[in-house]
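# Coordinates in review
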Amino acid sequence: MSIFKAYDVRGVYPSEIDEAKARQIGRAFARFIGKGRIGVGRDMRVSSPALAAEFKEGVRDGGLDVVDLGMISTPMLYFAVGSLGLDGGANVTASHNPPQYNGLKLCRKDAVPVGSDSGLADIERMSGETPAPCARGGISRADVADAYEKHLLAFLAEKKPVKVVIDCGNGMAGPSLERVIRRLKSKVVTMYMDPDGTFPNHEANPIKAENMRDLMARVKKEKADMGAAFDGDGDRCVFVDEKGNMISGDILTARLAREVVRKTGPAPVVYDLRSSMAVEEEIKALGGKPVREKVGHSFIKATMRKEGAVFGGELSGHYYFRDNYTSDNAEIAFISLFNIVSSSEKPLSEIVKPVNRYFVSGEINFNVEDKDGMIERLSAEFKDGAQDSLDGITVRYPDWWFNVRKSNTEPMLRLNLEGKSKSFMDKGLARVKKVIGKPI
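None of these values were measured; they are calculated from a predicted model. (Residues numbered from 1 in each chain as written. Predicted model: local features only at pLDDT ≥ 70, side-chain atom pairs only at ≥ 80, totals over all residues. Heavy atoms only, no water.)

### Side note on the overall build of the chain
A count of helical and extended segments in the chain gives 14 helices and 22 strands. The C-alpha atoms of the chain give a radius of gyration of 22 Å, which matches the 22 Å a tight globule of 440 residues would have. Over its C-alpha atoms, taken along the principal directions, the chain stretches across nearly 65 × 55 × 40 Å. In the chain, which comprises 440 residues, the share counted as buried stands at 57%. Taking contacts inside the chain between residues at least 6 apart in sequence as the whole, the part at least 24 apart equals 69%. (Helix = DSSP H or I, 4+ residues; strand = E, 2+ residues; numbered from the N terminus. Rg over C-alpha atoms; globule rule 2.2 N^0.38 Å. Buried < 20%, exposed > 50% of the residue type's maximum accessible area, 1.4 Å probe, protein only. Contact = heavy atoms within 4.5 Å.)

### Observations concerning the sheet that holds strand β2 (residues 37–42)
In spatial order, the strands read β1-β5-β4-β2-β3-β6; together these 6 strands make up an open sheet with mixed pairing. On the outer flanks of this sheet lie β1 (9–12) and β6 (139–141), each paired with one strand and no other. Neighbour-to-neighbour, the strand axes of the sheet open up by a mean angle of 20 degrees, direction not taken into account. Here β1 pairs with strand β5 (residues 101–108) via 4 bridges, running antiparallel. Note on β5: the bridge partner recorded for Arg10 is Gly103. (Pairing = 2+ DSSP bridges. Axes fitted to C-alpha atoms, helices over the stretch in contact; angles between N-to-C directions.)

### A word on the sheet that holds strand β12 (residues 268–272)
Overall, mixed pairing links the 5 strands, which are arranged β13-β12-β14-β15-β16 in an open sheet. In this open sheet, the two strands that pair with only one neighbour each are β13 (289–293) and β16 (327–328).

### Examining the packing of helix α1 (residues 19–33) against helix α2 (residues 48–61)
At a minimum axis separation of 7 Å, α1 and α2 run at an interaxial angle of 35 degrees. The hand of the α1/α2 crossing is right-handed. On the side of α1, the interface is formed by Glu19, Ala22, Arg23, Ile25, Gly26, Arg27, Phe29 and Ala30, while α2 contributes Ala50, Leu51, Glu54, Phe55, Glu57, Gly58, Val59 and Asp61. Residue composition of the contact of α1 with α2, grouped by class: 8 nonpolar, 2 polar and 6 charged. (Left-handed = near helix turned anticlockwise from the far one by under 90°. Nonpolar A, V, L, I, M, F, W, Y, C, P; charged D, E, K, R; others polar.)

### Topic: the packing of helix α8 (residues 249–264) against helix α11 (residues 330–343)
One can describe the packing of α8 onto α11 by two numbers: an axis separation of 10 Å at closest approach and a directional angle of 70 degrees. Viewed along their axes, α8 and α11 adopt a mutual orientation that is roughly perpendicular. Across from Leu252, Arg255, Leu256 and Glu259 in α8, the residues of α11 making contact are Ala333, Ser336, Leu337 and Ile340. The residue inventory of the contact of α8 with α11, partitioned by class, reads 5 nonpolar, 1 polar and 2 charged. (Parallel < 35°, antiparallel > 145°, perpendicular 65-115°, else oblique.)

### A short note on the nonpolar core
Grouped burial of nonpolar side chains is what soluble globular proteins tend to show. In this structure, Ile166, Met226, Phe230, Phe239, Phe311, Tyr319 and Phe334 are the most contacted members of the largest nonpolar core, which totals 67 residues. Non-local contacts of Ile166, meaning those with residues more than four positions away in its chain, are made with Leu177, Ile181, Val188, Val189, Thr190, Met191, Met193, Ala228, Phe230 and Phe334. The next biggest cluster of nonpolar side chains, apart from the first, holds 26 residues, and it includes Phe4, Ala22, Val40 and Ala52. (Core = buried A, V, L, I, M, F, W, Y, C linked by side-chain atoms within 4.5 Å.)

### Quick notes on the pattern of salt bridges
One pass over the full model with this rule turns up 39 salt bridges. For Asp388, the salt bridge goes to Arg292, with nearest N and O atoms at 3.0 Å. Of the two residues, Asp388 sits in strand β19 (residues 386–388) while Arg292 sits in strand β13, which places them 96 residues apart along the sequence. The exposure class assigned to Asp388 is partly exposed, which follows from its relative accessible area of 25%. A relative accessible area of 22% means that Arg292 is categorised as partly exposed. (Salt bridge = Lys/Arg side-chain N within 4 Å of Asp/Glu carboxyl O.)

### What about the pairing of β13?
In terms of strand pairing, β12 meets β13 through 5 bridges, oriented parallel. Counterpart to Val270 in the pairing with β13 is Val291. Following the backbone out of β12, through helix α9 (residues 277–285) and into the adjacent parallel β13, one traces a crossover that is right-handed. (Right-handed = clockwise from strand over helix to strand, strands pointing away.)

### Focus on unusual backbone geometry
In terms of backbone geometry, most residues other than glycine have negative phi values and most peptide bonds are trans. Looking along the chain, the bond that leaves Tyr13 and enters Pro14 is cis, with omega of 0 degrees. Mapping Pro14 onto the fold places it in the loop between β1 and α1. Positive phi, normally seen in glycine, also occurs at Ser95, with a value near 55 degrees. Among the secondary structure elements, Ser95 is positioned in the loop between β4 (88–92) and β5. The phi dihedral of Lys223 falls on the positive side, at around 55 degrees, and the residue is not glycine. In this structure Lys223 comes out as exposed when scored by relative accessible area, which is 69%.

### Concerning the layout of surface pockets
Considered as a void within the structure, the second largest pocket measures approximately 380 Å³ in volume. Those elements that place two or more of their residues in the lining of the second largest pocket are α8 and α11. Among the elements that take part in the lining of the second largest pocket, α8 stands out by supplying 6 residues, more than any other. Classifying every residue of the lining of the second largest pocket by side-chain character gives 8 nonpolar, 4 polar and 6 charged. (1 Å grid on protein atoms, 1.4 Å probe; cavity = no way out; pocket = protein on both sides within 12 Å on 5 of 7 lines; lining within 4 Å. Points joined across faces, edges and corners; volume = space filled by probe spheres on them.)

### Some words on the packing of aromatic side chains
Summed over all chains, the structure comprises 12 aromatic pairs. A ring pair is formed by Trp400 and Phe402, whose centres lie 5.9 Å apart and whose planes are at 20 degrees; its orientation type is stacked. Note on Phe402: relative accessible area 0%, which makes it buried. Grouped by ring-pair contacts, the aromatic residues Phe382, Tyr397, Trp400 and Phe402 constitute a single cluster. The positively charged end of Lys294 is found above the aromatic ring belonging to Phe299, 5.0 Å away from the centroid. (Phe/Tyr/Trp six-rings, centres within 6.5 Å; stacked < 30°, edge-to-face > 60°. Lys NZ or Arg CZ within 6 Å of the ring centre and 35° of its normal.)

And the structure:
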């Protein structure tokens, strides 16, 4: 399987991605960008220093200058590229994957993402070619930590002190969040803040319930007002309310959209197609324009730029802000929800309750050998519903809907289903499972 995925480069180190491959990709990325300066950062994984060193040499082999950003989160990379006027950027990271993985997230000028349909396929092709000799680029260093702290604090509007628990999963959000925490009047309880690429406490993947158990228990023990868990490279977060219950990413998208649109006035908001019907309904109620898009940060960001959107969100816990170089930033999402809780007399569970009004299956995965054939079969079996193929297949009925799509990162089909009542949800699930088979 190729290490070049839909949104990034990712594979097991060193069997699938190693130093030699990193240097080849660096050279190809330099050719793709063409000129100027490339910012390069890395996460805390054990293999990241060596891979980053060779990737930088590859960029220099390709004739471009490197700006070494050191150990940073992915949102810090986007900030550096945007604020320093760089011509491109790369972060050596495997995001939320286990320790044996590593990879690269790439972007162009203005933090525009490089995905499979926006240059990554070209970079894959060029990485296997022998480039023409050229003068090597130079290297310099930049520390954006102070400027990034100032950028984050511009979003802060603390009204009254609240109690918060943060679990950084030993990922890259810890150091920059520590800077924000020092500025708060509120009580903040921290967990696993030190970056550690061996992930000694749990995987830094908050979308998995087992990785949220420590946070959920701590929120209840501390009688906190909210909790937040961050992924390995700091671009995703998942929240829990004061009862220790997880809040779905689409419900947070709708709630955060209300705050953003309240400040900007009616504007487009982009959301991924797995999201609850409530998201579209809430955006319309705000006077905004709901824009539905494929799953994945490169698709969401491209559509936000095209539509002039002020905000975007995904079920997976990515939240995108126009005023953050149209990029995802989990820390800004945390600050935004913190602002809401800090200014409200209601607990978080009550704040989100009006949006959380339908019944959802959660994401259900299936191992299917012929994925395209199964999607065609679903289309035939559910031909009485309204269908679209924006990402896999979505079928809508008056009281329930479902989407089945191919995973962009794993060999499986993913199902999301929602009903206006539990009965509609259960009946819909039974019908879809009868066609696909048993889930994993």
